[in-house]
Each structure stands twice: as structure tokens, then as C-alpha cells.
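# Examination of the molecular architecture
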Amino acid sequence: MAIELSSILSRLQTLSTSDHASVVSMNLFVALLCACIVIGHLLEENRWVNESITALSIGVCTGVIILLFSGGKSSHLLVFSEDLFFIYLLPPIIFNAGFQVKKKQFFVNFITIVLFGAVGTLISCTIISLGVIQFFKKMDIGSLDIGDYLAIGAIFAATDSVCTLQVLNQDETPLLYSLVFGEGVVNDATSVVLFNAIQSFDLNHIDPRIALHFTGNFFYLFITSTMLGVLTGLFSAYIIKKLYFGRHSTDREVALMILMAYLSYMLAELFYLSGILTVFFCGIVMSHYTWHNVTESSRITTKHSFATLSFVAEIFIFLYVGMDALDIEKWRFASNSPGTSIAVSSILLALIMAGRAAFVFPLSFLINLVKKSPNEKISFRQQVIIWWAGLMRGAVSMALAYNQFTRAGHTQLRANAIMITSTTTVVLFSTVVFGLMTKPLIRFLLPHTKHTSSMTLSDSSTPKSVNAPLLGEGQDSEADLGDTNIPRPGSLRALLATPTHTVHRYWRKFDDAFMRPVFGGRGFVPYVPGSPTERSFLQGQ
């Protein structure tokens, strides 16, 4: 009996020690997050450094210190988890991107964004996959099959929208921001869908039937994920409009908005769809309808809540990637053949640059042939910036690489370890080097950006940036498109001549006649006792 009691106490003591170690790790990690925010604030005016680079640098320095204190056994406080990234960190970032996006600017450039984000990603994935098949088979890196090579293409076709958004400025470069931001979101979704499709098929025996099934599955995931996000956003708008929680408690409507946003992502994961696409379009729909159905205090609260969650998640990701860059377990395999590891990383960087150039410049040429107005065409200098800004790789590439080449964050195979260390090297190099040079490059190629952009579109229906007034008074009209001289097309020929403006005009008519009366939105908030509508009405009496 005494022996059993001693054993139980020993186990409890071990468990307590383990729990205490976790608490210590979390304390240090939270302290590092605070340090990233403070240092990022102090470097706000620096033309070279942005917050992602700051977090990466602090992560690497922390990894070195931990490595020294642990005697070379470990370099990070937390073990990388794909679930942590895809379920908890990525949703607030992507949702806030959709919630904050200037919808007119996004949809005016929608065809270009889809071409860059979907078609461009497929081209880039193909070039990277063919390149690694050609080069890696001649190198001694271990055993990789056709599925691994195609997965590498999907992994490194994923640009880092998080880092790109921190490099470009929406006010200084509205057209570039719209294209790179929109492409980044569609690109991430396309890459994840491609990656999942590659993992779900037996690619050792490829035939036309499997290729057709693969293509059909890809478009099915794309369309259904988008529709799920739209429907979830509309459902949240309808509930809040009908029940108007704000008459009793603003906490309930704020909580419902946040939970419905997260629910859209989890529903997509539940049905094996693309959570990135779902939560992005849910954010767009909620900013167009739901956000205008809540009280003014709730609008301010949700605006800052979504922005803050996204900001902390971004810093968390880059901080962890910096610490994980020195994971001794994986570098032990690569240290036996440093030349091979450097060669693999160099080849991947070269293929990334070639794959991006292969679609940015040709697709821009085709887009410019269709555009009638010189102001809507993408100049060569802008094409160079789009190509450069999309060279960065980040957390999505890291998460997909861990999914493909590790088991629970660990690997014992040489080829897998080399791919993880090479991915880490590419992410660090591209984020730091390309990220440092992007701002000076923009200022060199577009020295008068603030005065030359003709694509700035007001969008008062979108929640404003946290740096701007949250509740604008401007009206969302057709004139907001900034081109009031465009004739109203009344035929198919006119529709083909100005498709974007025509589709927008018909959508506005449909939205005002059918959607807003049902789902709310600015100008269609219901008259409910105790609501802002009633107070405005009484003040006008």
C-alpha cells in the first residue's frame, strides 16, 4: 500500500513539474509577444524594418539563448502544432483581412486577383514541382515520391499574405495593395486546396480519369467554400437584424459576431472544405451586412477586437517561426551534408522567383490588353513590385511543410529533415531579405505613389481601419467607383466593354431591392425600440 501511495505521489509530482514548466514557457512567450509589440512601436518610423521582421529576429535571438541554456537540446518554448496554426491562429488573420478589405477596390480588380491568385498559383506550383523533380532526383537528399514533389510545389506556391500586408500600405499604394492582398488570400486558399487534393489522391498511378477527378474536386472545394462563407455571414446578419440583441446587451451581439465568424471556419473544416476561403468571404459579407445591424458601441468593439486578434496571431506566428528556425533535431540531419541543404534552399528560392515571374508578367500583359483605360493598366514598374512582394514565404508554407514531412512536429528521416530545414531557410531569407528591400523598392519605382494612384476608391460600407475614423458618414453610391463618366450600358456589347462597372451597377440594384431589406446593412437597420434608429428618429422630432 505504501509503495502504491509513493508511486502515485511521484506521478503527481512529475505532472506538477510538467505543468509548471508549461506555465513558465507560456509566461516567457507572452513576455516575448509584449517585447515584439513594444519594439515594433519604437521602430514604427523605420523604413526598413516591419513587425514581422522584428518578431522573426526576436524569435531567432530567443532560440539561440534557449539553445545555449538547454545545452543544445532545444531552441523553442512550444512544440509546433498544425492544429494550433490552422485552427486558432490563421482564422482571425484571414477573417480580419476580409472584414477590413475595401470591397469596391477588391471586386473592381476581382478578375485580376483571381487570375493571379488561382491561375498564377497553379502555374507556380507546376513550375516548382517540375523543377524539384528535375533537380532533386540528381541530388542525394533521400527518398521522395511523386506525391512529395507535388506537395513541395503546393507548399512553396503559397505566398505569405501576412507579411505582404505589413510591407505594403493600403493608403500609399491602393492598387498594389488590392492586387497583392487579394492575390495573397486567394493564393493561400488555392495552395491549401491543392495540397489537400494532392494528399487525398494516389498519384503513383496517374491517368486521365484521376486528373479529371482532381480538377473537379479542386473547383468543388473552391465554390462550396466560398458559398459556405457567404451563407454563414448572411445567417449572422439575419439573426442580429431580427432579434437585435443590442436593445438589452451589446455583449451578446459582439459575442455572436465573433463566434459566427469562427463557426464559418470550423464548418468548412468539418466538411473538408477550405476554411481560408470560407472565413474570408464570411468576413466580407459580415462587414457589408452584419456590422451595420449592431449598435455603434458594438461596431467599435468588434472592429478593434478583430484587428487585435489578427495582430496578436501574426506576431505569435512569426515569433514561433523565428525560434523554430534553430530546431537542433532537424538541423542535425542537415549538418552532415551542409552543401546539400544550401543547394536545396537555393534551388527552391530560384524556382520560387521563376515560378512567380512565369505568371505575373504574362498575365499582366493579357490583362492590359483587355483594360481600356490607361489608369487601370498595370505598368511594368507595378508588375515588378507585385512580383517582388509575392516572393515572401511564411507560416502557411511552414505549416504545410510540417504536415507533409513530420509527425507531431518530429522527423527521423533525412529527406524530411532536409525539407523542413530548407523550408525554414527559405521562409527566413525571403521574409527578412525581400521584406527589408520591399519598402525601398516601392519608393524607388513609385516615388510619388500618394499622388499618382488613380485607383483609390472610397468605401464607407467597409469598417474603417483602426487608424481612421471608424464610423464614416459618406454614402455608398455608384459614384464611389471614381469614374462617373462611364455610360450606363444597356446591351451585351456595352456589358463586355465595361464589365466591372456594369456588374457592380446591377449588383447594387439587386442588393438594394432584395438583399438589404432582408439582411440589413447601412440604410436598412430595422426600427426597434431602444435602437440607434429610434434615438435618431426621436431626435429628429
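Residues numbered from 1 in each chain as written. Predicted model: local features only at pLDDT ≥ 70, side-chain atom pairs only at ≥ 80, totals over all residues. Heavy atoms only, no water.

## Observations concerning a nonpolar patch on the surface
Spelled out, the test is: Patch construction takes residues with relative accessible area above 30% that form no salt bridge. Like charges are linked within 9 Å, and nonpolar side chains (Val, Leu, Ile, Met, Phe, Trp, Tyr) are linked within 5 Å. For every accessible area listed, the method is Shrake-Rupley and the probe measures 1.4 Å; residues are considered covered only by the protein chains on display. Just to be clear on terms, a salt bridge is a Lys or Arg side-chain nitrogen sitting within 4 Å of an Asp or Glu carboxyl oxygen. A run of H or I in DSSP counts as a helix once it spans at least four residues, and a run of E counts as a strand once it spans at least two, with each numbered from the N terminus. The buried label applies to any residue whose accessible area, calculated with a 1.4 Å probe on protein chains only, is under 20% of its type's maximum; exposed applies above 50%, and partly exposed to all values in between.
Together, Val64, Ile65, Leu68 and Phe69 make up a nonpolar patch on the protein surface, roughly 470 Å² of accessible area in all. Note on placement: Leu68 falls in helix α2 (residues 51–69). Note on Leu68: relative accessible area 67%, which makes it exposed.

## With respect to the nonpolar core
As a rule of thumb, nonpolar side chains are buried together in soluble globular proteins. Rules: Among buried residues, the Ala, Val, Leu, Ile, Met, Phe, Trp, Tyr and Cys ones that are joined through side-chain atoms within 4.5 Å form a nonpolar core. What makes two residues a contact is simply this: any of their non-hydrogen atoms within 4.5 Å.
Counting residues in each nonpolar core, the largest one holds 121 residues, and the members touching the most others are Phe136, Ile152, Phe156 and Leu348. Top contributing element to this core by residue count: helix α8 (residues 174–200), with 15 residues. Leaving out residues up to four positions away in the same chain, Leu348 has contacts with Val132, Phe136, Ile152, Phe156, Met419, Ser422 and Val426.

## Observations regarding the pattern of salt bridges
Applying the stated criterion across every chain yields a total of 4 salt bridges. Notably, a salt bridge pairs Arg356 with Glu183, separated by 2.7 Å at the nearest N-O pair. You can see Arg356 sitting in helix α14 (residues 338–370) and its partner Glu183 sitting in helix α8, a full 173 residues away along the chain. Each member of the pair, Arg356 as well as Glu183, is classed as buried. Arg516 is the partner of Asp512 in a salt bridge, and the nearest nitrogen-oxygen pair spans 4.0 Å. One end of the pair, Asp512, and the other, Arg516, are both in helix α20 (residues 499–519), 4 residues apart, so they sit about a helical turn from each other. On the basis of relative accessibility, which here comes to 30%, the residue Asp512 falls in the partly exposed class.

## Observations concerning the confidence of the model for the protein
Quick reminder of the rule: The pLDDT score gives, residue by residue, the confidence of the prediction method on a 0 to 100 scale.
With 76% of its residues at a pLDDT of 70 or more, the protein shows a mean pLDDT of 78. Low pLDDT, under 50, characterises residues 449–460; the stretch is placed with 30 contacts to residues that sit more than four places away or in other chains. In this model residues 532–541 is a low-confidence stretch, pLDDT under 50, and it forms 10 contacts with partners more than four residues away in sequence or in other chains.

## Details of the side chain of Ser264
The following threshold applies: Here a polar contact means two N or O atoms within 3.5 Å. Within protein one must be a hydrogen donor candidate and the other an acceptor candidate, and residues neighboring in sequence count only if both atoms are side-chain atoms.
Position of Ser264 relative to the elements: it lies in helix α10 (residues 250–270). Under the relative-accessibility criterion, Ser264 is labelled buried at 0%. Polar contacts involving the side chain of Ser264 include one to the main-chain carbonyl oxygen of Ala261, which spans 2.6 Å. Once you skip the residues sitting within four places of it in the chain, Ser264 turns out to touch Leu228, Thr232, Thr278, Val279 and Cys282.

## Thoughts on the packing of aromatic side chains
Quick note on the threshold: To pair, rings of Phe, Tyr and Trp, with the six-membered ring standing in for Trp, must have centres within 6.5 Å; the planes then decide the type, stacked if under 30 degrees apart, edge-to-face if over 60, and tilted in the middle. Placement of a charge over a ring requires the Lys NZ or Arg CZ to be within 6 Å of the ring centre, with the centre-to-atom vector within 35 degrees of the ring normal.
One pass over the structure, following the stated rule, counts 22 aromatic pairs. The interplanar angle of 80° and the centroid separation of 5.9 Å between the aromatic rings of Phe429 and Phe434 together place this pair among those described as edge-to-face. Taking relative accessible area as the criterion, Phe434 reaches 5% and is therefore assigned buried. Above the plane of the ring of Trp291 lies Arg299, whose end atom (NZ or CZ) is 5.7 Å from the centre.

## Here's the deal with α10
Threshold: One less than the residue count of a helix, multiplied by 1.5 Å, gives the span that helix is expected to have. Taking the helix axis as origin, the arc is that swept by the directions to the C-beta atoms.
When the terminal C-alpha atoms of α10 are compared, their 30 Å separation across 21 residues agrees well with the 30 Å that a helix rising 1.5 Å per residue should span. When α10 is considered as a whole, its buried residues turn out to be Glu253, Val254, Met257, Met260, Ala261, Ser264, Tyr265 and Ala268. Summarising the axial view, the buried residues of α10 lie within an arc of 125°, below the 170-degree limit, and thus occupy one face. Of the exposed residues in α10, the ones pointing more than 90 degrees away from its buried face are Asp251, Arg252, Leu259 and Leu270.

## Brief notes about the side chain of Arg393
Convention followed: In this count, Lys and Arg are taken as positive residues and Asp and Glu as negative ones, while His and the chain termini are left out.
Topologically, Arg393 is positioned in the loop between α15 (380–389) and α16 (395–405). Buried within the structure, Arg393 lacks any salt-bridge partner; Glu183 is the closest side chain of opposite charge, at an N-O distance of 7.6 Å. Within the structure, the side chain of Arg393 is placed 3.3 Å from the backbone oxygen of Ala158, a separation counted as a polar contact. Look past the residues within four positions of Arg393 in its chain and what remains in contact with it is Phe156, Ala157, Ala158, Thr159, Asp160, Ile352, Val426, Val427, Ser430 and Thr431.

## Looking at the packing of helix α5 (residues 110–136) against helix α6 (residues 146–157)
For the record, the criterion: Between the N-to-C directions of two axes lies an angle of 0 to 180 degrees, each axis being a line fitted to C-alpha atoms and, for a helix, fitted only over the stretch in contact. The labels follow the angle: roughly parallel below 35 degrees, roughly antiparallel above 145, roughly perpendicular from 65 to 115, and oblique for the rest. Note: crossing handedness is left-handed where the near helix turns anticlockwise from the far helix by less than a right angle, and right-handed where it turns clockwise. Polar here means any residue other than Ala, Val, Leu, Ile, Met, Phe, Trp, Tyr, Cys and Pro, which are nonpolar, and Asp, Glu, Lys and Arg, which are charged; Gly is therefore polar.
The contact between α5 and α6 brings their axes to 8 Å, and the two run at 135°. Looking at the two axes, α5 sits oblique to α6. When the axes of α5 and α6 are compared, the crossing they make is right-handed. Across the interface between the two elements, Thr121, Ser124, Cys125, Ile128, Ser129, Val132, Ile133 and Phe136 from α5 touch Ile146, Tyr149, Leu150, Ile152, Gly153, Ala154, Phe156 and Ala157 from α6. Broken down by class, the residue content of the contact of α5 with α6 amounts to 12 nonpolar, 4 polar and no charged.

## Comments concerning the packing of helix α3 (residues 82–100) against helix α12 (residues 296–324)
At their nearest, the axes of α3 and α12 sit 8 Å apart, and the two run at 135° to each other. Judged on the interaxial angle alone, α12 and α3 are oblique. As α3 packs across α12, the resulting crossing turns out to be left-handed. When α3 is examined against α12, the residues Leu84, Phe85, Leu89, Pro92, Ile93, Phe95, Asn96, Phe99 and Gln100 are found in contact with a partner set consisting of Lys303, Phe306, Ala307, Leu309, Ser310, Ala313, Glu314, Phe316 and Ile317.

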